[in-house]
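Here are the chains, one letter per residue:
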Amino acid sequence: MLKASVVALMAFMTLPTVVVMVVSFNPTAILSFPPSGFSWRWYVNALTYPQFQRAAVNSLWVTLGAVALALPIGTAAALALERGRLRLPTLWATLLLSPLVVPGVAAGLGFLILAASLGMIRSRAVLIAAHVALVLPFVVRSVWVSARNLDATLERAAASLGATPWRTFRRVTLPLLRPGLFAALLFAVVVSVNEFVVSLFISNRLTEILPVAMYSYVVNYTDPTIAAMSTLFITATFLVIWLADRYVGLGRVFLHHR
């Protein structure tokens, strides 16, 4: 009974994705299932559509900016939570991880009000700041777990051999944190690239990222182009996660061991 329930749940979760992927190859300009034939035309349209191209460039810059800021901030925060003598560490951890539970609509509205009050509603910097806040919990979580598994005797050994604190951090601590840093980088990129709700509130036609451009497209058109673009997103995300799990072992990164 339990196995049948699991299979039914997996089918419920994956069948809509399969339908979207199959529809993307429909040769006609109608979202119909099953498709009446096979064609790549909608993939060509998705890759050559000017609005998607502009949004893809915006997504690249926003993601690069968000990751470049979130990685060092999240790493420092994770090390402070694990090793720092903070007052009320639980409160700090809750604040850092709170974006995971804040509804996207509330966060988007908050960033919109903030951007409007600062006169930056058309600025890409607001998008980057919002994405930093959204991906920071994943960075903190990933690096925090690696910091908990870190063998402090190796750092003490480096210090006893004359290494300065900065050299010890750079040559010993950072390499030991590499699995967590890689997982943090991976999830920060995936979350930032796929973020939609908050970005919808604080972007315009010139600064919109790819998920927002896809939403705008589906509002105005009903052809399978959006299914093709969704299939590209799904495939790329699956490949990135699968390769990372195969060669890094994401499961080990997120396990708590002391």
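Everything discussed here concerns the structure shown above.
Just so you know, these numbers come straight off a predicted model, no measurement behind them.

Definitions and limits used
Residues numbered from 1 in each chain as written. Predicted model: local features only at pLDDT ≥ 70, side-chain atom pairs only at ≥ 80, totals over all residues. Heavy atoms only, no water. Phe/Tyr/Trp six-rings, centres within 6.5 Å; stacked < 30°, edge-to-face > 60°. Helix = DSSP H or I, 4+ residues; strand = E, 2+ residues; numbered from the N terminus. Buried < 20%, exposed > 50% of the residue type's maximum accessible area, 1.4 Å probe, protein only. Contact = heavy atoms within 4.5 Å. Axes fitted to C-alpha atoms, helices over the stretch in contact; angles between N-to-C directions. Parallel < 35°, antiparallel > 145°, perpendicular 65-115°, else oblique. Nonpolar A, V, L, I, M, F, W, Y, C, P; charged D, E, K, R; others polar. Core = buried A, V, L, I, M, F, W, Y, C linked by side-chain atoms within 4.5 Å. Patch = residues over 30% accessible without salt bridge, like charges linked within 9 Å, V, L, I, M, F, W, Y side chains within 5 Å. Areas by Shrake-Rupley, 256 points an atom, 1.4 Å probe, with all protein chains shown as cover. Salt bridge = Lys/Arg side-chain N within 4 Å of Asp/Glu carboxyl O. Polar contact = N/O pair within 3.5 Å; in protein donor to acceptor, adjacent residues only side chain to side chain.

A. Looking closely at the packing of aromatic side chains. Counted according to the given criterion, the structure contains ten aromatic pairs. Ring centres of Tyr49 and Tyr217 lie 5.1 Å apart, and the angle between their planes is 85 degrees; on these two criteria the pair is classed as edge-to-face. On the criterion of sequence distance, the pair formed by Tyr49 in the loop between α2 (41-48) and α3 (50-83) and Tyr217 in helix α11 (residues 210-220) is long-range, its members being 168 residues apart. We note that Tyr49, like Tyr217, is buried. Taking 5.4 Å as the distance between ring centres and 50 degrees as the angle between the ring planes, the aromatic pair formed by Phe196 and Tyr215 counts as tilted. Of this pair, Phe196 sits in the loop between α9 (178-194) and α10 (197-202) while Tyr215 sits in helix α11; the two residues are 19 residues apart in sequence, bridging distant segments of the chain. One aromatic cluster is present, built from ring pairs that chain together Phe25, Phe38, Trp40 and Tyr43.

B. Highlighting the environment of Ala184. Tracing the backbone shows Ala184 in helix α9. Here Ala184 is in contact with Leu71, Val139, Ser142 and Val143, once residues within four sequence places are set aside.

C. Quick peek at the packing of α3 against α11. Across the interface, α3 lies against α11 with an axial gap of 8 Å and an inter-helix angle of 155 degrees. In terms of orientation, α3 and α11 fall into the roughly antiparallel class. Contacts between α3 and α11 involve Gln51, Phe52, Ala55, Ala56 and Ser59 from the first element and Leu210, Pro211, Ala213, Met214, Ser216 and Tyr217 from the second. In terms of residue class, the contact of α3 with α11 is made up of eight nonpolar, three polar and no charged.

D. Examining the nonpolar core more closely. Of all hydrophobic cores here, the largest spans 34 residues; its most connected members are Val139, Val198 and Ile202. Each residue touching Val139, except ones within four places of it in the same chain, is listed here: Ala70, Leu71, Gly74, Thr75, Ala184 and Ala188. Grouped together as the second largest cluster of nonpolar side chains are eleven residues, Leu210, Ala213, Met229 and Phe233 included.

E. Expanded view of a nonpolar patch on the surface. A cluster of nonpolar side chains, namely Leu2, Val6, Leu9, Met10, Phe12 and Met13, defines an oily patch on the protein surface of about 680 Å² accessible area. Summarising the element assignment, Met10 is placed in helix α1 (residues 2-23).

F. Broad picture of the side chain of Ser39. Looking at the element boundaries, Ser39 is found in the loop between α1 and α2. A polar contact of 3.1 Å, which involves the side chain of Ser39, links it to the backbone nitrogen of Arg41. With near-sequence residues (within four places) excluded, Ser39 lies in contact with Ser24, Phe25 and Pro27.

Geometric values such as these leave the question of function open.
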